[in-house]
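# Chains, contacts and geometry: an overview
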Amino acid sequence: MTMQFTAWKRPSSNLIKSLAKRISRINGSSPLSLRPARSTPDSRGYSVTFTSPYTSLSESQKHKKSLDRDFLVSVLETSVTKRDAKAYMNKFVPLLEKKGATGFKGQKAQTGPADIKCSAGEAVATDASVATKDVVHGLKPEGDIAIQAPLYVALVKFRAPQGANDTTIDGVGKTLSQLRKLGLISIVVVDCGTVGENDAVQRQTSTVQANRIAMAIDNYGAPGARIIDSPITIKSSAEVYNSPFTSRGLFVGNPHDLMAALQEELIPIIPSFGYTADACTIKPINANDAILALTRQLSGLQFPDQPAEDSQVIPISRSAEVYRLVVLDPLGGIPAKNRATGRHLFLNLEQEFQEVRNDLTVLASSDSNGSISTRQSNLQHLENAELAKNVLSLLPPTSSAVITTPQEVANERAPKDNGIDWALVGTRRGQNPLIHSLLTDKPVQSSSLPSERFRPFTSSTGMAQIGSLTTLAKRGMPLTIFPDPRVSPWRPPRLGQRGLNLTDPCIDLPRLVNLIEDSFGRTLNVDHYLKRIHGNLAGIIIAGEYEGGALLTWEKPPGLDGSEANNLDRLVPYLDKFAVLRKSQGAGGVADIIFNAMVRDCFPDGVCWRSRKDNPVNKWYFERSRGSLKFKDMNWTMFWTTPGLALDGQKFRDYESVCRGIEPSWSDKKHIID
């Protein structure tokens, strides 16, 4: 019997391949360098080798080609939609092309005609010449620092690297090198914690771990990494810590080495130490405070007293945009007590931070039943969440934070995994959370998927795990729900009871209508719609400033009479409108935020809706529903999240009759086709 493995399919695979090849060309990769030398026997029977000037025999270039192939595989393994790919290309590819063109011109200037005149059988490049090209030049003098805007930066806090093995450290270095190829340069702050009784021991440990990380990055090609002298200055008198905008006694006092390294595309490695402003004494500092100080400096939000000769520092710092905060912590993402994965896959800080803080504070201050290590872990999770909130409050809304484990970033396989198992699930490796978030600006797994969509597997540490350990956090947006399900759970209105109406003062009807029409691209017949849902509106969910929303109703199945006509148990929870502004579609997790609120807070027992069979959003609906039914005689597909609906014949028929009988309220009359 022959077993055939079919390659997995990705949406817009041609676009992703085009993107990968384009990045490969920008970074100097060429398939010509993989072309082998040809051997042809001459008339005397000897073998004559014809060597192309493009052929490289050096081990360093063979190693580079291996890295290039692995980089392309990492990009291709990411589930990227067309919208995601275009958003990434619009932001990063112009910068990469500019850098690539500059590098090409430099190589062309250094390569003379004599370099390509070689006779048959001679090597094109000697090991010495290749080694000369691979040398990382020293930092430029302060006066020679060129301002290249924009410069996208990721601030990486690596906590407890001394607990990670060499394989994990090497994998982290590989991923950071790949991020640089994709246009995102990392600044790594090493956080070894309290590892000794005195400052000297802590400094020694931090230096050793910084060297491990730098060597791992250097293994994956130039320009590599560099351990720089700490740019952090400690004020003699610490200020009161009121907000992320205050320095808490720390600021970037010597940014020259840092900015010069970034302009050379080196990855700076910074141990968690700083220099006192008065005596220039080196002392350990809090890594979170160091990250905040770097954020303020790079974002142009730090305004210390600067001498006149340092006037160039301000425009240089403003040319760097902190695009991503990365927290590498052995504990992984932020825990959640009401999630199937046990983690927040996506964290809307504007809406959920206070809940996270309350939960972690209660767990950290629990009674003696909880172990000391568990309480310390919860406190560390709280620190990570607060760091993400504070950093993102200083950055544009497009920035985000990724909190994950070094093992997931290293993209390690589980010890018991083998080639056959990975082939059967349709992918060679798990998706790298840092590469995935850069290309898609989304979590590795959607937070709005039903629990059965998450399959348990064995992690790289040998522990059973459900879903990813990674949390993608965004500043997000507030969420407003009428009525508030925490105060009064949504229930069908009783006879004579006044329910919510769209004309109530708490709802901005014109903005709501604009949201619906912009999302659907159709004109709403407002009068018809208000009459249709009058008296049966269950509630409304509004994301941000009407950037997205959902209208939910209680629908009575047609044909009910007698006592059944007033039976509240027969009313069907129905998602009538689900809308997101076109400018916000596919970005910021607006749809997931609304959907999560609907299925977790408003209708936890289930809800149904319908969609046209040719609706491009149906793939998203299929993933998040527990079941679906395509009507053969109509252009509708019914979806539901109600558990066990197929086993309840009466309820299933009620759901189907409601989805068949709802009359659309569009002014263009296109619903006649449906």
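Each chain has its residues counted from 1, following the order in which its sequence is written. The model is predicted, so local features are restricted to residues of pLDDT at least 70 and side-chain atom pairs to those at 80 or more, both for listing and for counting; the totals for chains, interfaces and linings are taken over all residues. Water and hydrogen atoms play no part in the side-chain values, which are based on all heavy atoms of the structure.

## Quick word on the overall build of the protein
What counts as a helix is a DSSP run of H or I of at least four residues, what counts as a strand is a run of E of at least two, and both are numbered from the N terminus. Each helix and strand in the protein was counted, giving 19 helices and 23 strands. Each residue is placed in one exposure class: buried if its accessible area under a 1.4 Å probe, protein chains only, is under 20% of its type's maximum, exposed if it is over 50%, and partly exposed if it falls in between. Evaluated residue by residue, the protein yields a buried proportion of 47% over its 674 residues. In the protein, the proportion of contacts linking residues at least 24 apart, taken out of those at least 6 apart, comes to 74%. On the protein, roughly 33600 Å² of surface is accessible, and the fraction owed to carbon and sulfur atoms is 53%. In this analysis, two residues are considered to be in contact whenever any of their non-hydrogen atoms come within 4.5 Å of each other. In this description, accessible areas are obtained by the Shrake-Rupley approach with a 1.4 Å probe, and a residue is regarded as covered only by the protein chains that are shown.

## A closer look at the packing of helix α5 (residues 166–181) against helix α6 (residues 199–218)
The N-to-C vectors of α5 and α6 enclose an angle of 55 degrees; their axes lie 8 Å apart at closest approach. Relative to α6, α5 is oriented oblique. Seen along the crossing, α5 lies across α6 with a hand that is right-handed. Every residue of α6 that contacts α5 at Asp166, Ile169, Asp170, Gly173, Leu176, Ser177 and Arg180 is listed here: Arg212, Ile213, Ala216 and Ile217. Think of each axis as a best-fit line through the C-alpha atoms, taken over the contacting stretch in the case of a helix, with angles from 0 to 180 degrees between the N-to-C directions. When an angle is under 35 degrees it counts as roughly parallel; over 145 it counts as roughly antiparallel; between 65 and 115 it counts as roughly perpendicular; any other value is oblique. Each crossing gets its hand from how the near helix is turned against the far one by less than a right angle, where anticlockwise is left-handed and clockwise is right-handed.

## Let's talk about the pattern of salt bridges
Within this document, salt bridges are pairs made up of a side-chain nitrogen of Lys or Arg and a carboxyl oxygen of Asp or Glu, the two lying within 4 Å of each other. Scanning the entire structure with this criterion turns up 22 salt bridges. Asp576 is the partner of Arg532 in a salt bridge, and the nearest nitrogen-oxygen pair spans 2.1 Å. Linking Arg532 in helix α16 (residues 526–533) with Asp576 in strand β20 (residues 572–580), this pair joins segments that are 44 residues apart in sequence. Residues Asp576 and Lys577 are paired through a salt bridge, measuring 3.3 Å at the closest nitrogen-oxygen approach. Taking the relative accessible area as the measure of exposure, Lys577 reaches 9% and is therefore buried. Beyond isolated ion pairs, a larger network of salt bridges with shared partners links Arg532, Glu555, Asp576 and Lys577.

## Quick look at the packing of α5 against helix α14 (residues 433–440)
At a minimum axis separation of 9 Å, α5 and α14 run at an interaxial angle of 20 degrees. By the angle between their axes, α5 is roughly parallel relative to α14. The element α5 and its partner α14 pack so that their crossing is right-handed. Here Thr175, Gln178 and Leu179 of α5 come into contact with α14, specifically with Leu434, Ile435 and Leu438. Across the contact of α5 with α14, the residue classes break down as four nonpolar, two polar and no charged. Residues are grouped as follows: nonpolar covers Ala, Val, Leu, Ile, Met, Phe, Trp, Tyr, Cys and Pro; charged covers Asp, Glu, Lys and Arg; every other residue, Gly included, is treated as polar.

## Here we look at the side chain of Lys157
Along the polypeptide, Lys157 turns up in strand β3 (residues 151–159). By relative accessible area, which is 1% here, Lys157 ends up buried. We define a polar contact as two N or O atoms separated by no more than 3.5 Å, with the added condition that, inside protein, one atom must be a possible hydrogen donor and the other a possible acceptor, whereas residues neighbouring each other in sequence contribute only through side-chain atom pairs. Within the local environment of Lys157, its side chain forms a polar contact with the side chain of Asn288, the two groups lying 2.7 Å apart. Setting aside anything within four residues of it in sequence, one finds Lys157 in contact with Val189, Asp191, Ala287, Asn288, Ile291, Val326, Val327, Leu328, Gln380, Asn384 and Leu387.

## Some thoughts on α6
Multiplying one less than the number of residues by 1.5 Å gives the expected span of a helix. The first and last C-alpha atoms of α6 sit 28 Å apart over 20 residues, in line with the 28 Å expected at 1.5 Å per residue. All of the buried residues along α6 are Gln202, Ser206, Gln209, Ala210, Arg212, Ile213, Ala214, Ala216 and Ile217. Here α6 starts with a cap whose side-chain oxygen sits 3.2 Å from the backbone nitrogen of Ala200, and that cap is Asn198.

## As for the sheet that holds strand β12 (residues 346–348)
Strand pairing is assigned whenever DSSP identifies at least 2 bridges connecting the two strands. The strand order β5-β8-β4-β3-β11-β13-β16-β12 describes an open sheet built from eight strands, whose pairing is mixed. Looking at strand neighbours, the two that pair on one side only are β5 (225–227) and β12, the edges of this open sheet. Averaged over neighbouring strand pairs, the angle between their axes works out to 20 degrees when direction is ignored. In this structure, β3 lies alongside strand β11 (residues 320–328), joined through eight bridges in parallel fashion. Bridging from a neighbouring strand, Leu155 pairs with Leu325 of β11. Set on the sheet, helix α8 (residues 287–298) makes contact with β3, β4 (185–191), β8 (267–271) and β11; between it and β3 the angle comes to about 175 degrees.

## A look at the environment of Leu95
Tracing the backbone through its elements, the reader meets Leu95 in helix α3 (residues 82–110). On the basis of relative accessible area, Leu95 is assigned to the buried category, the value being 7%. In sequence terms Leu95 and Leu182 are 87 residues apart; their C-alpha atoms lie 9.9 Å from each other.

## A closer look at the pairing of β8
A large share of β8 lies buried, amounting to five of its five residues. By the alternation rule, side chains of β8 split into Ile267, Ile269 and Pro271 and Pro268 and Ile270, which are all buried. Relative to β8, β4 runs parallel, the two being bridged by three bridges. Bridge pairing in β8 links Val188 to Ile269. The pairing of β5 with β8 spans three bridges and is classified as parallel. For Ala225, the partnering residue across the bridge sits in β8 and is Ile267.

## Section: the confidence of the model for the protein
Looking at the protein, the pLDDT average stands at 79 and 69% of residues meet or exceed 70. Every residue gets a pLDDT, meaning the predictor's confidence in that residue, from 0 to 100. Long-range and interchain partners of residues 413–429, a stretch whose pLDDT sits below 50, account for 31 contacts in this model, where long-range means more than four residues apart.

## Let's talk about the pairing of β11
Remark: a regular strand shows side chains that alternate across the two faces of the sheet. Taking burial as the measure, the nine residues of β11 include eight buried ones, the bulk of the element. Where β11 and strand β13 (residues 400–404) come together, five bridges link them in parallel fashion. Along β13, the bridge assignment pairs Leu328 with Thr404.

## Description of the packing of aromatic side chains
When two rings of Phe, Tyr or Trp (its six-membered ring) have centres within 6.5 Å they constitute a pair, described as stacked for plane angles under 30 degrees, edge-to-face for angles over 60, and tilted for the intermediate range. By the definition in use, this model includes 17 aromatic pairs. With a centroid separation of 5.1 Å and 50 degrees between ring planes, the pair formed by Phe520 and Trp666 is classed as tilted. Of this pair, Phe520 sits in helix α15 (residues 509–520) while Trp666 sits in the segment after α19 (649–661), and the two are 146 residues apart along the sequence. Look at Phe578 and Trp620: their rings are 5.9 Å apart centre to centre, the planes differ by 40 degrees, and that puts the pair in the tilted class. With Phe578 in strand β20 and Trp620 in helix α18 (residues 618–624), this pair connects stretches of sequence that are 42 residues apart. Across the pair, Trp620 and Phe578 agree in class, each one buried. Among the aromatic side chains, those forming a connected cluster through ring pairs are Phe578, Phe595, Trp609, Trp620, Tyr621, Phe622 and Phe639. Stacked on the ring of Phe353, the Lys or Arg Lys389 has its end atom at 5.4 Å from the ring centre. Sitting over the ring of Trp636, Arg610 keeps its end group 3.9 Å from the ring centre. Counted as over-ring charges are cases with an Arg CZ or a Lys NZ within 6 Å of the ring centre that also lie within 35 degrees of the ring normal.

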